[in-house]
Every structure is written in C-alpha cells, then in structure tokens.
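# Structure at a glance
Here is what each chain is made of, one letter per residue.
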Amino acid sequence: NKISNHPTDCEREVWNQVNAVLQESESILSGLQAYKGAGQEIRDGIQNPNDMLLQERAWNSVCPLVIRLKKFYAFSLKLEEALQSLLESLTCPPYTPTQHLEREQALAKQFAEILHFTLRFDELKMRIPAIQNDFSYYRRTISRNRLNNMNLDIENEVNNEMANRMSLFYAEATPMLKTLSTATTNFVTENKTLPLENTTDCLSTMASVCKVMLETPEYTSRFNSEDTLLFCMRVMVGVIILYDHVHPNGAFNKSSKIDMKGCIKVLKDQPADNVEGLLNALKFTTKHLNDESTPKNIRTMLQ
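It should be emphasised that the depicted structure is a prediction, and the values quoted were computed from it without experimental measurement.

Cut-offs and rules
- Numbers given for residues are sequential positions, taken from 1 along each chain in its written order.
- Restriction of local features to residues with pLDDT of at least 70 applies here, the model being predicted, together with a cutoff of 80 or more for giving and counting side-chain atom pairs; totals for whole chains, interfaces and linings are based on all residues.
- In computing side-chain values, all of the structure's heavy atoms are included and hydrogens and water are not.
- Segments assigned H or I by DSSP are reported as helices when at least four residues long, segments assigned E as strands when at least two residues long, and all are numbered from the N terminus.
- For the radius of gyration, the atoms used are the C-alpha atoms, and the globule rule reads 2.2 Å times the number of residues raised to 0.38.
- Accessible area is worked out with a 1.4 Å probe on protein chains only. A residue is then buried under 20% of its type maximum, exposed over 50%, and partly exposed in between.
- For the accessible areas, the method is Shrake-Rupley and the probe is 1.4 Å, while residue cover comes only from the protein chains on display.
- A positive count includes Lys and Arg, and a negative count includes Asp and Glu. His and the chain ends are not counted in either.
- Working definition for charges: the position is that of NZ of Lys, CZ of Arg, CG of Asp or CD of Glu.
- Residue count minus one, scaled by 1.5 Å, sets the expected span of a helix.
- As used in this structure description, the phrase polar contact means that two N or O atoms lie within 3.5 Å; if the pair is within protein, one of them must be able to donate a hydrogen and the other to accept it, and residues adjacent in sequence are counted only when both atoms belong to side chains.
- Ring geometry is summarised as follows: Phe, Tyr and Trp rings, the Trp one being its six-membered ring, pair when their centres sit within 6.5 Å, and such pairs are stacked at plane angles under 30 degrees, edge-to-face over 60 and tilted between the two.
- We call two residues in contact when some of their heavy atoms are within 4.5 Å.
- In these notes, a set of buried Ala, Val, Leu, Ile, Met, Phe, Trp, Tyr and Cys residues joined through side-chain atoms within 4.5 Å is what counts as a nonpolar core.

## Quick word on the overall build of the protein
From N to C terminus, the protein includes 15 helices and zero strands. Taking 303 residues into account, the globule formula puts the C-alpha radius of gyration at 19 Å, and the protein, at 21 Å, falls close to it. For the protein, the C-alpha atoms occupy an extent of roughly 65 × 45 × 40 Å along the three principal directions. Within the protein, the fraction of its 303 residues that count as buried is 51%. Of the roughly 15,300 Å² of accessible surface on the protein, a fraction of 51% belongs to carbon and sulfur atoms. Treating the 33 positive side-chain charges of the protein as one cloud and the 37 negative ones as another, the clouds have centres 4 Å apart.

## Observations regarding helix α3 (residues 52-91)
A rise of 1.5 Å per residue sets the reference length of α3, with its 40 residues, at 58 Å; its end C-alpha atoms lie 58 Å apart and thus fit the reference within 8%. With a side-chain oxygen lying 3.0 Å from the backbone nitrogen of leucine 53, the N-terminal cap of α3 falls on aspartate 51.

## Quick look at the packing of aromatic side chains
The full count for this structure, using the stated rule, is seven aromatic pairs. Ring plane angle 5° and centroid distance 5.6 Å describe the contact between tryptophan 59 and tyrosine 138, whose orientation is recorded as stacked. A residue pair is termed long-range when its members are at least 10 positions apart, and tryptophan 59 in helix α3 and tyrosine 138 in helix α6 (residues 130-147) qualify at 79 residues. According to the relative accessible area criterion, tryptophan 59 is buried, its value standing at 13%. Overall, tyrosine 138 belongs to the buried group, its relative accessible area being 1%. With a centroid separation of 5.9 Å and 25° between ring planes, the pair formed by phenylalanine 135 and tyrosine 138 is classed as stacked. Of this pair, phenylalanine 135 and tyrosine 138 both sit in helix α6, three residues apart, which is roughly one turn of the helix. In terms of burial, phenylalanine 135 and tyrosine 138 fall into one category: buried.

## Some remarks on the environment of glutamine 270
Topologically, glutamine 270 is positioned in the loop between α13 (260-268) and α14 (272-285). A relative accessible area of 16% places glutamine 270 in the buried class. In this structure the C-alpha to C-alpha distance between glutamine 270 and methionine 233, which are 37 residues apart in sequence, comes to 9.8 Å. The residues contacting glutamine 270, other than those within four sequence positions of it, are Leu229, Met233 and Val275.

## Some remarks on the nonpolar core
Of all hydrophobic cores here, the largest spans 96 residues; its most connected members are Phe111, Ile114, Tyr138, Ile240 and Leu267. Ranked by residue count, the leading element in this core is α3, at 16 residues. In contact with tyrosine 138, other than residues within four places in its own chain, are Trp59, Val62, Val66, Ile154 and Val158.

As structure tokens, then:
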C-alpha cells in the first residue's frame, strides 16, 4: 500500500506550512554542498598582515560565505517551527501514535522528510571544517575593525548577537539535529497536559517501521534506489535521537521501546561510507549513550 502524500482537509494547514519549508530545503543543501570556504585567502591574509590587498581579498571572500551561513542558520529556525507543528498534529489526543501515523500519512511523510534533510545537512557539515574557520576569521576581523571604527555594511546582516547565536549553532557536530532535539524537548516541556508517551511512542513507532523496512528483504528488494534505503536509515536515526532526548531514560536502556541493537545492526550491515555519518550522529548527538544503564554490547557496537 502506497503512503498517501495528499493531505486531507484537516491536515492541509500544517501541511502547507511544512511544505514551504521543505521546498526550500533542497536549495539549502545545494548551497552547503557547494560551500568551498575561504581557507587560502584567509591564510594569505594572516601570513601577510601588512598587505592590505590580501586583507581585503580575504574579507571579500569571507563576507558572502557568512551571509550564506546566516541563511542556513535562519533555515534551522524555520525547520524548528515546522517540526513543532508536525509534532502537535501527530501527538494530539484522542488517537494513538499508530492511529495518527495512519490517519495523517502526508504529515508523517513530511516528518520523515524533515529528518532526512536534517541528517543529510549534518553529514555534509561534518565534512566541511572550513565553515568554522571562515566564521571565526569573520568574527576576529569584525572585532578588530570595531576598534578601528570601520563601518561595515555586513554588520547590518550579521550583528554581534546574531554572530553569537550562529557561533553556537556551528560549534555543534550536528547542528540541525541538535536544533530538532532541542525543539522536541521544548515541545514536550511546553505541552504539560500532553502525555509524554504520545510523543515518545510516535517516535519509537516510526523507528520500528524504518527498521522493519530495512531488515526485510521483501521491502528492500522493492526499494527502487539506494536513495530510498538511505532515506529510511536517516529517518530511523533521526527519530532515535529525538526519542533519546525526550524520553527520561533515553533510547539505549533495556526499557526503551526502540530495539537499539536491531537498529544499529541494520546500519552496520550497510557499506561503511553510507552509514559513517549516521553512526557518528548516534555517537555524538544522543544524550544517554554513555549512561550506566546502557548495555555494554550496545556501546561496543557503536565504538
């Protein structure tokens, strides 16, 4: 049975909001993919501090990159809002998580697409150390020029407060996932009357759907491309990380509703190149992996 991508009337408002964000996500990814960094120009400038031409060249290379980084950061805030709207729709009483996922298939699919985007963004970001180098050069130069009272147009775009927030965002190994984890945690704490299970069960149900699809040859043989496989793996890892952030005991311990051993095994059965970023996300973006209550064999599997 094919998942319905068409929103029903009651889903349409949220669907439209999230769809606008997802429409933008592809250009955000291609902007990140094309990110080359200004490493060479920065090095030339630092090695020749008295050559004003080289200083200017470095600065002019970095500024458009900083504007692009601001765009990515601004997008993370839109993603956060979209995720919270989806969580609201997919967890509200009186339905069970499974009923929600069946009734609101178009929204469940959007939720999966947000996670898919997020893990792709973070996998790319992990491979671009230039981002942090470019940004810290920008901040150093700005503060030096403030001392010289140079007036810089770019400060209207990226002022000090914005630069601080961007700095924290890019310091994360997986910035988009961290944004979503925080958003999910906030969603749970703000909706005091909503039973926590509504959220965690929604996440664990999605994790097990992905896991079953990945470990069942009848399904995987029908996947028309490697992309579908990667989509499933990224969504599975994404919901595990969100579950681990919002469930008080996390995803790894024995009482967890997610079969972590099975999920990690499914990832380990894939070519290493495809899953390195995903295994890293489980290592670096989860909250409870190093808890006492995490079984040793699970920790060993992720080493």
